[in-house]
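Each chain is listed here by its residues.
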Amino acid sequence: MIKIAPSLLSANFARLENEINLLQEAKADMLHLDVMDGHFVPNLTYGLPIIQKIKEISALPVDVHLMVSNPENYLDTLGKWNIDYVSIHQETVPHLHRQVSQLNKMKVKSGIALNPGTPVESIFPLIADIDFVLIMSVNPGFGGQTFLALVYDKILKLRAYAKKHNPTLEIEVDGGVNNVNSTKLIDSGVDILVAGSYIFQNSDYKEQIKSLRKKDV
Ligand code: DX5
Ligand code: ZN
């Protein structure tokens, strides 16, 4: 069953609690939170205090996507708050295994995020140690960008490799996801679809979320 993770980047931040309640009512499966530092990516969003408050009020699992140059500075705190999923970009740290182990020790689902230009084979050595891979289908930093079809090949390769080396691995895709590409993504082996602008562009979030799952219904 596909999981839908709305990205709060496209939500109305002036009424965030209301937005989260609406997403819960609309049967979202988890909340996707994009942390940007203006350094690894050319944009800024929010940091730890806002994540803490969101976790306190959310009945849904919280998925933190760290688009920051020093993800290691965030991990202990996210673990202490029982954040459910955390992904770190492969491109940001030289000793990724260290951060993955740290997340695993804290029982946080550990993920590696890959920019469109990063080969999926680069995470194969760590595949048995992680819970999920976040495949970026846009260059990270902004909502509302155009989906890059190059990800289909990466998803197929990863799913095939994971079958043997980590059968429970979840594959998450993030960027430009909509009701046109969702079916092919699900068919390719994706478990979690992140969508920001597609869900929030229509005030009927329930309809938007349902339309992303159409393969399943
Ligand atoms: C982009 C973020 C995404 C973004 C997706 O860097 O990681 O989560 O919010 O937004 P859409 O779905 O509009 O591409
Ligand atoms: Zn994201």
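The rules behind these values
- Residues numbered from 1 in each chain as written.
- Chains lettered and ligands numbered in written order.
- Predicted model: local features only at pLDDT ≥ 70, side-chain atom pairs only at ≥ 80, totals over all residues.
- Heavy atoms only, no water.
- Near = heavy atom within 4 Å.
- Polar contact = N/O pair within 3.5 Å; in protein donor to acceptor, adjacent residues only side chain to side chain.
- Areas by Shrake-Rupley, 256 points an atom, 1.4 Å probe, with all protein chains shown as cover.
- Helix = DSSP H or I, 4+ residues; strand = E, 2+ residues; numbered from the N terminus.
- Nonpolar A, V, L, I, M, F, W, Y, C, P; charged D, E, K, R; others polar.
- Donors = N, O, S within 2.8 Å, 3.2 Å for Na, K, Ca; no water.
- Tetrahedral: all angles 85-135°; square planar, octahedral: opposite > 155°, others 65-115°.
- Buried < 20%, exposed > 50% of the residue type's maximum accessible area, 1.4 Å probe, protein only.
- Pairing = 2+ DSSP bridges.
- Axes fitted to C-alpha atoms, helices over the stretch in contact; angles between N-to-C directions.
- Contact = heavy atoms within 4.5 Å.
- Arc of directions from axis to C-beta.

A. Representation of the site of ligand 1 within the structure. Neighbouring residues of ligand 1: 20 residues in total, closest S7, G141, G144, D174 and S197. The separation between an oxygen atom of ligand 1 and a polar side-chain atom of H65 is 3.3 Å. Contact with the protein chains hides 100% of the accessible area of ligand 1, taken as 380 Å² for the molecule alone. Top contributing element to the shell around ligand 1 by residue count: strand β2 (residues 31-36), with 3 residues. Each residue belonging to the shell around ligand 1 can be placed in one class, and the counts come to 8 nonpolar, 10 polar and 2 charged.

B. Representation of the coordination of the zinc ion (ligand 2) in the model. Only H32 (NE2), D34 (OD), H65 (ND1) and D174 (OD) from the protein reach the zinc ion (ligand 2) as donors, at distances of 2.0 to 2.3 Å. In this structure, the zinc ion (ligand 2) is surrounded by 6 donor atoms whose angles at the metal cover 71 to 169 degrees, and the resulting shape is octahedral. For the zinc ion (ligand 2), the single-chain donor residues occur in sequence as H-x1-D-x30-H-x108-D. Of this pair, H65 sits in strand β3 (residues 62-67) while D174 sits in strand β7 (residues 170-174), and the two are 109 residues apart along the sequence. Of the two residues, H65 and D174, both sit in the buried class.

C. Fine view of the sheet that holds β3. Reading across from one edge, β1-β8-β7-β6-β5-β4-β3-β2 is the order of the 8 strands in this open sheet, with parallel pairing throughout. Each having just a single partner strand, β1 (3-6) and β2 make up the two edges of the open sheet. Taken over all neighbouring pairs, the strand axes of this sheet differ in orientation by 25 degrees on average, direction set aside. Strand direction decides the pairing type here: β1 and strand β8 (residues 192-195), joined by 4 bridges, are parallel. Residue pairing across strands places P6 opposite A195, the latter belonging to β8. Contacting β2 and β3, helix α2 (residues 48-57) runs over the sheet at an angle of about 175 degrees to β2.

D. Structural context of helix α8 (residues 205-212). Of all the residues in α8, the buried ones are Y205, Q208, I209, S211 and L212. All buried residues of α8 project into a common sector of 160 degrees when viewed along the axis, lining one side. Each element contacted by the buried residues of α8 is listed here: β1, α1 (16-25), α6 (182-188), β8 and α7 (197-200).

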